[in-house]
Amino acid sequence: MHEAYTCGMPVPTNLPLTLGALKKSEWTPERVNRSVKDELRENLIARLRSRETIFPGIVGYEDTVVPQIVNAVLSRHHFILLGLRGQAKSRILRALTGLLDPVIPYVAGSELRDNPYKPLSKFSRDLIAEQGDDTPISWLTPEDRYVEKLATPDVTVADLVGDLDPIKAARGGQELSSELTMHYGLLPRANRGLFIINELPDLAGKIQVALFNIMQEGDVQIKGYPVRLPLDVAIAFSANPEDYTARGKIVTPLKDRIGSEIRTHYPESLEEAITITTQEAWASRPNAKIEIPQYIREVVELIAFLAREDKKVDKRSGVSQRLPISTMELVLSNAERRALMHDETLAVPRIGDIYTAMPGITGKIELEYEGEMRGADVIVHDIIRQAVQRSFDKYFANINTQQIEEWFNLGGTVQLNDQQAAAASLKELKQIQGLMDKLEPLGITSKSSPELAVSAAEFLLEGMTAHRRITRSEERSFSAGDKARRNEQAANFHETVREREKERAEWEAKNRTRRGFN
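Residues numbered from 1 in each chain as written. Predicted model: local features only at pLDDT ≥ 70, side-chain atom pairs only at ≥ 80, totals over all residues. Heavy atoms only, no water.

1. Re the confidence of the model for the chain
Turning to step 1, where the next piece is worked out: Overall, the predicted model of the chain reaches an average pLDDT of 88, with 85% of residues at or above 70.
Turning to step 2, where the next piece is worked out: Across residues 1–10 the pLDDT falls below 50, and counting only partners more than four positions away or on other chains, this stretch makes 28 contacts in the model.
Turning to step 3, where the next piece is worked out: Contacts for the low-pLDDT stretch residues 514–518, under 50 throughout, to residues beyond four places or in other chains number 20 contacts. (pLDDT = per-residue confidence, 0-100. Contact = heavy atoms within 4.5 Å.)

2. Section: the nonpolar core
Turning to step 1, where the next piece is worked out: Among the nonpolar cores identified, the biggest contains 70 residues, and I384, F408, L429, F459, L460 and L461 are the most heavily contacted of them.
Turning to step 2, where the next piece is worked out: Setting aside anything within four residues of it in sequence, one finds L460 in contact with F392, F396, I404, L435, K438 and L439.
Turning to step 3, where the next piece is worked out: In this structure, F195, I197, F212 and A239 belong to the second largest nonpolar core, which totals 35 residues. (Core = buried A, V, L, I, M, F, W, Y, C linked by side-chain atoms within 4.5 Å. Buried < 20%, exposed > 50% of the residue type's maximum accessible area, 1.4 Å probe, protein only.)

3. What to know about the environment of Q419
Turning to step 1, where the next piece is worked out: By the secondary structure assignment, Q419 is in the loop between β14 (414–415) and α22 (422–429).
Turning to step 2, where the next piece is worked out: A relative accessible area of 59% means that Q419 is categorised as exposed.
Turning to step 3, where the next piece is worked out: Distance from Q419 to M341, taken between C-alpha atoms, is 8.2 Å for residues 78 residues apart in sequence.
Turning to step 4, where the next piece is worked out: Residues contacting Q419, with those up to four places away along its chain left out, are M341 and H342. (Helix = DSSP H or I, 4+ residues; strand = E, 2+ residues; numbered from the N terminus.)

4. Overview of the packing of aromatic side chains
Turning to step 1, where the next piece is worked out: A full pass over the atoms with the stated rule returns 6 aromatic pairs.
Turning to step 2, where the next piece is worked out: Measuring from centroid to centroid gives 6.0 Å for F396 and F459, while their planes differ by 50°, and the two rings are tilted. In this pair, F396 is assigned in helix α20 (residues 376–396) and F459 in helix α23 (residues 450–466), connecting sequence segments 63 residues apart. Assigned by exposure class, F396 and F459 land together as buried.
Turning to step 3, where the next piece is worked out: Aromatic rings pair up to connect Y295, F392, Y395, F396 and F459 into one cluster.
Turning to step 4, where the next piece is worked out: The aromatic ring of W27 is capped on one face by R31, whose charged end is 3.7 Å from the ring centroid. (Phe/Tyr/Trp six-rings, centres within 6.5 Å; stacked < 30°, edge-to-face > 60°. Lys NZ or Arg CZ within 6 Å of the ring centre and 35° of its normal.)

5. Observations regarding the sheet that holds strand β10 (residues 233–239)
Turning to step 1, where the next piece is worked out: Within the open sheet, the 5 strands sit side by side as β6-β9-β10-β3-β11. Their pairing is parallel. Since the sheet does not close on itself, it has two edges, and those belong to β6 (146–150) and β11 (260–263), each with one partner. Across this sheet, the average inter-strand angle for adjacent strands is 20°, counted without regard to direction.
Turning to step 2, where the next piece is worked out: As defined by bridge partners, strand β3 (residues 79–82) adjoins β10 across 4 bridges and the pair is classed as parallel. Directly across from F79, in β10, lies its bridge partner A236.
Turning to step 3, where the next piece is worked out: Along the sheet, helix α3 (residues 36–49) makes contact with β9 (193–198) and β10, crossing β10 at roughly 75°.
Turning to step 4, where the next piece is worked out: Strands in contact with helix α4 (residues 65–74) are β3 and β11; relative to β11, the strand with the most contacts, it is inclined by about 165°. (Pairing = 2+ DSSP bridges. Axes fitted to C-alpha atoms, helices over the stretch in contact; angles between N-to-C directions.)

6. Let's talk about helix α14 (residues 270–280)
Turning to step 1, where the next piece is worked out: Burial in α14 covers these residues: L270, A273, I274, I276 and T277. All buried residues of α14 fall inside an arc of 160° around its axis, so they share one side. (Arc of directions from axis to C-beta.)

This is how it looks when you write it as structure tokens:
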């Protein structure tokens, strides 16, 4: 028997197409009659034994969320993922299809995807009674068995469960109470598969009640008629904790029927966050060679981390991991645009490009009252400055920049903007005494390309600006800072460095042990 591969599992290509052929094949009643939850459980056990990754592409949940989901599946539970926006809840739910069989048989034409050995609908029962072993068989893939619904206040019981169809009854000459007049909703059509409801609290209370029977007793009723449909379906939900008070809530009896409540969280370390953004952001541009320095990656991620800690940002809303992903894409686009303007073969993002990515940041944070008073642009500028400062301290904490400061104090200025090619900017930067020698922590040498050298030099100057050793105008012109402040900082330089290192160590320790939503 020839085999293909779906979801990493072998799929026979010469599948039985009639009930008679199915009975003579390896698709025995014992194999086909397994419930969806048993199927998920058995395939998960096989994956655990083979040491395979349970949810490929999900980063940072290996020791927290994934073990809880594994336990829920092994327990055959319906479960809910509870967490703030941008915590990969929907992605995890969609990845559950990887635990389903590559294919399963069903009665061709059946709306309920009936098991050929145990048909539910009158359509399939009548078809099998009429055609016997000649009953046509079709096959479902894992993607066919995934049904997802975004909960909204206008969802009705008919949408989820079904309704009577008078037109269908009239055309078929059937009694209105006949099963053949039923128009099945999403839940019956998810039979023998996964049914996912996103943002569950947005579902009206009376609609949530309609889910009770299917979750506990395993059946549904349509329009008051005693049509018992013992559906075989695994149900999972997602919800944002803010929704419990802001828009709705999960009714208590339904919550009681959900076997496991699993809480998701944001990346707990900078390394995890960088891995996620590297994986998700569109960085491989056609006809463009892009090189992203590590400090740019760190600053982009630090923006999200610092925003989650900022008192002026609403923590109940959260700061989605989509923020650094969108920001990185905009940063790369501005670097690409600059390279195209100057016919450069290499595009290297700079700190200045992060400021041009403001549209990807301001729209993804919700501000508290104090933040609203100051304005989103002001808050985000301040967060970017803090991110640059923290990353700068990692590379240059032990570097003495006094020689560079003196050059600016003597009246030197330098402007870095998109109107200049990298080679021209580098020539201007080389006039600053001691600047290029200080870039060694970033791996910059005399052989480095102008694009990389200018990006590193701008990072150093931006870090000095963040520490207020020099100043920068909105036109990105760097010049000397305030003299009094400069003298004070010079006197307390080493003490400031020690304080920064202490704050950074405390921040990293906090993020390594953080659990929950933030």
